[in-house]
Amino acid sequence: MITSVEHRFGPYGGQYVPETLMPALAELEAAWLDASRDPEFTTRLDELLRDYAGRATPLYLAERLSEVGGRPIYLKREDLLHTGAHKINNALGQALLAKRMGKRRVIAETGAGQHGVATATACALLDIECVVYMGTEDMRRQKPNVERMGLLGATVEPVEAGSRTLKEACSAAIRDWVTNVATTHYVLGTAAGPAPYPAIVRDLQRVIGEETRAQILEKEGRLPQRVIACVGGGSNAIGIFTPFTADVEVELIGVEAAGEGLETGRHGAPLTAGNRPGVLHGAYEPIMQDDDGQILEAHSISAGLDYPGVGPEHAWLRDTGRARYEAISDRDALAALQRVAKLEGIIPALESSHALAWALANGGSELDVVCLSGRGDKDLAQVLEMIARDGGA
Amino acid sequence: MTGTVTGVERIAAAFADSGKRAALMPYLMGGFPDLATSRAIGEAYADAGADLVELGIPFSDPLADGPVIHAAATSALAADATVDGVLDVGAALAERLPVVIMCYANIVYARGFETFVDALREHGVSGLIVPDLPLEEAPVLLELCDERGIALVPLVAPTTPDERLRRIGAGARGFLYTVSVTGTTGERGALVDVEAILRRAAAATVVPVALGFGIATPEQAAAAADAGAAGVIVGSRLVRAASEAADPVAEVHALVAAMAAALR
Ligand SMILES: Cc1ncc(COP(=O)(O)O)c(C=O)c1O
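Analysis parameters
Residues numbered from 1 in each chain as written. Chains lettered and ligands numbered in written order. Predicted model: local features only at pLDDT ≥ 70, side-chain atom pairs only at ≥ 80, totals over all residues. Heavy atoms only, no water. Helix = DSSP H or I, 4+ residues; strand = E, 2+ residues; numbered from the N terminus. Rg over C-alpha atoms; globule rule 2.2 N^0.38 Å. Buried < 20%, exposed > 50% of the residue type's maximum accessible area, 1.4 Å probe, protein only. Contact = heavy atoms within 4.5 Å. Lys, Arg positive; Asp, Glu negative; His and termini not counted. Charge placed at Lys NZ, Arg CZ, Asp CG, Glu CD. Near = heavy atom within 4 Å. Polar contact = N/O pair within 3.5 Å; in protein donor to acceptor, adjacent residues only side chain to side chain. Areas by Shrake-Rupley, 256 points an atom, 1.4 Å probe, with all protein chains shown as cover. 1 Å grid on protein atoms, 1.4 Å probe; cavity = no way out; pocket = protein on both sides within 12 Å on 5 of 7 lines; lining within 4 Å. Sits in = over half its atoms within 2 Å of the grid points. Phe/Tyr/Trp six-rings, centres within 6.5 Å; stacked < 30°, edge-to-face > 60°. Buried area = accessible area lost by both parts, 1.4 Å probe. Salt bridge = Lys/Arg side-chain N within 4 Å of Asp/Glu carboxyl O. Pairing = 2+ DSSP bridges. Axes fitted to C-alpha atoms, helices over the stretch in contact; angles between N-to-C directions.

Chemist: In this structure, what is going on with the overall build of chain A? I would like to understand it.
Modeler: The number of helices and strands found in chain A is 15 helices and 14 strands. At 19 Å, chain A has a C-alpha radius of gyration in line with the 21 Å of a compact globule built from 393 residues. Over its C-alpha atoms, taken along the principal directions, chain A stretches across nearly 55 × 45 × 40 Å. Burial analysis of chain A (393 residues in total) assigns 65% to the buried set. Residue pairs in contact within chain A that sit at least 24 positions apart in sequence constitute 73% of those at least 6 positions apart. Within chain A, one finds 39 positive and 54 negative side-chain charges whose respective centroids are separated by 2 Å.

Chemist: Looking at this structure, I do not really get the site of the ligand. What am I missing?
Modeler: Residues and elements named next belong to chain A. Around the ligand sit 19 residues, and of these Thr190, Gly232, Gly234, Ser235 and Ser373 come closest. Between an oxygen atom of the ligand and a main-chain N or O atom of Gly233, the distance comes to 3.3 Å. Here Ser373 contributes a side-chain N or O atom positioned 2.6 Å from a nitrogen atom of the ligand. Relative to its unbound accessible area of 390 Å², the ligand is 97% covered by the protein chains. Among the detected pockets, the ligand sits in the largest cavity.

Chemist: For this particular structure, what's the right way to read the environment of Lys342 of chain A?
Modeler: Residues and elements named next belong to chain A. On the secondary structure map, Lys342 appears in helix 13 (residues 330-344). Its relative accessible area of 67% is what places Lys342 among the exposed residues. When the C-alpha atoms of Lys342 and Leu65 are compared, they prove to be 9.9 Å apart, with 277 residues separating the residues in sequence.

Chemist: Honestly, the packing of aromatic side chains in this entry has me stumped. Any pointers?
Modeler: One pair of aromatic rings is described through two measures. These are the centre distance and the angle between the planes. Under the defined criterion, the tally for this structure stands at eleven aromatic pairs over all chains. Measuring from centroid to centroid gives 5.8 Å for Tyr16 of chain A and Tyr109 of chain B, while their planes differ by 80 degrees, and the two rings are edge-to-face. With Tyr16 of chain A in the loop between strand 2 (12-13) and helix 1 (22-36) and Tyr109 of chain B in helix 5 (residues 105-111), this residue pair bridges two chains. With relative accessibility at 22%, the residue Tyr109 of chain B sits in the partly exposed group.

Chemist: Could you clarify how one ought to interpret the side chain of Ser18 of chain B in this entry?
Modeler: Residues and elements named next belong to chain B. Structurally, the position occupied by Ser18 is in the loop between helix 1 (7-16) and strand 1 (23-29). In terms of polar contacts, Ser18 uses its side chain to reach the backbone amide nitrogen of Lys20, at 3.0 Å. Aside from chain neighbours lying at most four places away, what touches Ser18 is Ala23 and Asp51.

Chemist: What is the right way to read the interface of chain B and chain A from this model?
Modeler: Accessible area lost during the coming together of the parts is what is often quoted as the interface size. Counting residues at the interface gives 35 residues for chain B and 32 residues for chain A. For the pair chain B and chain A, the two sides together bury roughly 2,600 Å², of which 52% comes from carbon and sulfur. Here chain B is connected to chain A by four salt bridges. In this structure, Asp292 of chain A and Arg111 of chain B form a salt bridge, with 3.8 Å as the shortest nitrogen-oxygen distance.

Chemist: Teacher, can you tell me more about the sheet that holds strand 5 (residues 105-110) of chain A here?
Modeler: Adjacent strands of a sheet pair through backbone hydrogen bonds, lying either parallel or antiparallel. Residues and elements named next belong to chain A. Strand order in the open sheet formed by four strands is 7-6-5-8, with parallel pairing between adjacent strands. Of all strands in the sheet, those bounded by a partner on one side alone are strand 7 (155-159) and strand 8 (184-186). Sheet twist, expressed as the average angle between the axes of neighbouring strands with direction ignored, equals 25 degrees. Direction of pairing for strand 5 relative to strand 8: parallel, over a ladder of three bridges. In the strand pairing of strand 8, Ile107 is matched with Tyr186. Sheet contacts for helix 7 (residues 143-151): strand 5, strand 6 (129-135) and strand 7; angle to strand 6, the most-contacted strand, approximately 165 degrees.

Structure below.
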């Protein structure tokens with residue numbers, strides 16, 4: 001019987017949190033192990049994912065994109081899920097777990113607002129109090145999502161510190177948890193943070209890859225040559241990668257945010273840029289930092305990729321050579337968003353547009369799957385503003 | 001300092017020879033508002049009767065800290081405080097009283113454990129507190145500190161279960177930092193249940209038990225001593241004085257002197 005989840009992925013991961021939280025992490029791990037082998041829990045989660053969130057999502061052969069790309073390109077349509085992104089897979093699972101643990105209150109951090117909306121949604125459904133921490137810069141960039149969270153009954157706590165983006169929102173959520181740990185569950189939104197989060201979030205997101213693997217076998221009678229996903233903290237990517245990791249012939253490609261360019265230092269690509277590992281938000285992982293160990297501000301056009309760290313399992317997949325990491329600039333992601341909108345009638349999220357941009361720019365494959373992690377509605381105002389300013393693609 | 005007295009011994013002496021009901025251990029944010037003033041504030045702590053100083057290295061993402069210390073760290077970094085600069089402040093203060101460095105794990109990782117601990121020793125630092133390095137992640141650093149006679153001081157919280165508390169207490173060096181509340185650093189109106197918290201901590205260790213988080217007034221310091229604390233840590237109140245007072249050095253001197261008097 002499994003009695004623990006992975007705490008380390010090679011040298012990465014661990015639990016670097018104030019002592020106050022250590023018992024809560026142990027409680028969470030035990031509750032997760034118990035829930036994940038309880039058919040009542042797993043059946044309920046599967047039902048919600050199917051009937052409420054809209055799983056399974058289609059694996060769609062994007063014909064015009066394929067024509068341009070010179071090989072079949074399939075899109076895994078997480079954008080079609082309720083609330084518009086893969087984040088709902090994790091939020092429903094963790095909210096259900098919170099309820100099972102008897103927690104009356106849930107907190108979350110959000111960058112793009114997708115995880116915040118997903119958590120607010122799950123909490124409305126399950127009647128749990130919900131507080132979402134969000135940097136004020138992200139509140140500006142992702143205004144519709146702030147409004148959505150309000151309608152759903154969640155409280156959005158503006159975070160003014162530092163760059164006023166995801167890193168600070170995450171720090172503020174952890175501080176809240178330190179104070180309210182007795183009543184509160186922290187729904188971390190990506191496959192990062194202290195153990196057991198990277199393993200829990202991966203296991204709640206691996207449904208993406210499980211469906212994809214079955215669907216591509218059915219449609220093409222073979223596995224894809226490449227699976228491509230964007231990487232912020234890494235949850236949609238680890239979700240789609242995991243069921244393929246044993247298929248050594250399948251290339252796994254994670255696409256980080258190159259922002260204004262890796263050479264400028266203004267990016268969100270610690271894996272691609274080869275940043276030194278260190279401790280951020282409870283885990284040892286590659287992070288953007290200065291010589292003294294102060295965490296640097298990330299930069300990306302996309303709020304969901306605007307993060308100076310990355311999930312520990314991705315760092316290990318990189319080091320072991322099982323996955324490869326690349327980076328796409330703000331400009332190329334914006335261009336890909338517009339291209340895919342016109343080619344396919346799909347407006348992808350700016351995050352997902354990084355994966356699409358990499359696929360558009362890199363042939364040399366016979367069959368690709370791209371994880372379309374979310375839809376771009378939330379990005380409209382920002383995208384239109386940038387197109388007006390820079391003339392667009 | 002002569003090279004023969006270790007940091008661990010120096011901390012033990014600070015508790016034994018405080019001449020108070022509990023040792024007074026004020027916290028200082030290094031480099032706040034700037035390096036020179038933070039050194040002067042530390043000197044004022046010593047002049048006013050502090051027995052040990054806890055010297056914080058500012059960090060960009062201090063997860064265990066409330067708004068006052070977080071803001072001080074941010075502003076120290078904006079004023080270009082560096083790890084070396086703060087360690088130099090530590091070296092100056094170590095001439096007067098034992099210095100325990102408080103910093104987050106990434107500061108230690110960034111230098112490398114061994115280089116960092118060597119630097120502590122070279123600067124005459126007696127101990128180290130890393131609030132986000134819990135028991136499970138601490139063994140390597142503990143061994144390096146032990147080899148150099150530097151006390152790696154662990155924290156325990158009200159949420160720490162008994163069995164875990166015993167394991168942490170057994171590995172404690174210098175003192176056991178007992179967090180008075182479930183929460184981040186910051187001033188609080190009253191100390192709640194600290195007698196039970198302190199009794200539980202004292203039963204788990206042979207080193208002195210110090211109480212911290214939320215102690216802001218001479219009355220609270222005295223109450224902590226009455227409740228059984230062997231050391232009293234005062235943080236946010238003094239950092240707030242450093243940020244608000246017209247003459248921060250005079251203000252912290254008065255505050256620390258009042259607390260020292262309350263403990264005599
Ligand atoms: C649509 C979408 N894709 C991707 C991400 C990045 O997160 P992760 O790397 O955890 O999948 C986000 C985060 O907000 C998102 O909203």
